[in-house]
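One-letter residues, chain by chain:
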Amino acid sequence: MLLWLSVCLAPMILAAGELELATGRAGTPGTLRVLSCEDLGEGRYDCRGRFTPDSGEPAVEVAASPDSSAGDVTRAQLTPEGDRAAPAGTRGVLAALALPGVGLGGLGFLPYVLLYWRGVRSRAAVTGGVLVTAAGFVLTVTGMVAAYS
């Protein structure tokens, strides 16, 4: 049970930094123009771009999201380290929620399993598990669509 809980909570914890960037709580706001994307093979890409801060500071070369395309121009947040720009706004938030959606979906049936082990058969736990798992699936798919559109 602890392993199940750990595996499902880990994506939520790991996504906290991306959510802070996407919501503007961390980093520097600005505009990202993707300059190039190099195909690394096996569906992987290395994208580079130019980030222009809203503050008027000079533009900097950064790593862009691998789901970008050369020529894309989007609102973004520069990481505090200054080496990467992440999508901001609604698209960025939805994309950052894809990973926590996986964890949420995995947690859906944990209450049912715990009740089952205690000898309790509960339709409410099954219904709740289906609803929570479905919500996690919808959140994951929505986030992925936002990330790749």
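Structure's up top.
Residues numbered from 1 in each chain as written. Predicted model: local features only at pLDDT ≥ 70, side-chain atom pairs only at ≥ 80, totals over all residues. Heavy atoms only, no water.

A word on the overall build of the protein
Alright, step 1. Helices and strands together make up the secondary structure of the protein, namely six helices and five strands.
Alright, step 2. Each helix and strand of the protein, placed in order from N terminus to C terminus, yields the pattern α-α-β-β-β-β-β-α-α-α-α.
Alright, step 3. When the 149 residues of the protein are sorted by exposure, 30% land in the buried category.
Alright, step 4. Once local pairs closer than 6 in sequence are excluded, the contacts in the protein between residues at least 24 apart make up 57%.
Alright, step 5. Of the roughly 8900 Å² of accessible surface on the protein, a fraction of 63% belongs to carbon and sulfur atoms.
Alright, step 6. Mean positive and mean negative side-chain charge positions of the protein (11 and 13 charges, respectively) differ by 13 Å. (Helix = DSSP H or I, 4+ residues; strand = E, 2+ residues; numbered from the N terminus. Buried < 20%, exposed > 50% of the residue type's maximum accessible area, 1.4 Å probe, protein only. Contact = heavy atoms within 4.5 Å. Areas by Shrake-Rupley, 256 points an atom, 1.4 Å probe, with all protein chains shown as cover. Lys, Arg positive; Asp, Glu negative; His and termini not counted. Charge placed at Lys NZ, Arg CZ, Asp CG, Glu CD.)

What to know about the side chain of Thr 140
Alright, step 1. As for its position among the elements, Thr 140 is in helix H6 (residues 123–148).
Alright, step 2. A polar side-chain atom of Thr 140 sits 3.2 Å from the main-chain carbonyl oxygen of Ala 98.
Alright, step 3. Discounting chain neighbours no more than four positions away, the residues touching Thr 140 are Ala 98, Gly 101 and Val 102. (Polar contact = N/O pair within 3.5 Å; in protein donor to acceptor, adjacent residues only side chain to side chain.)

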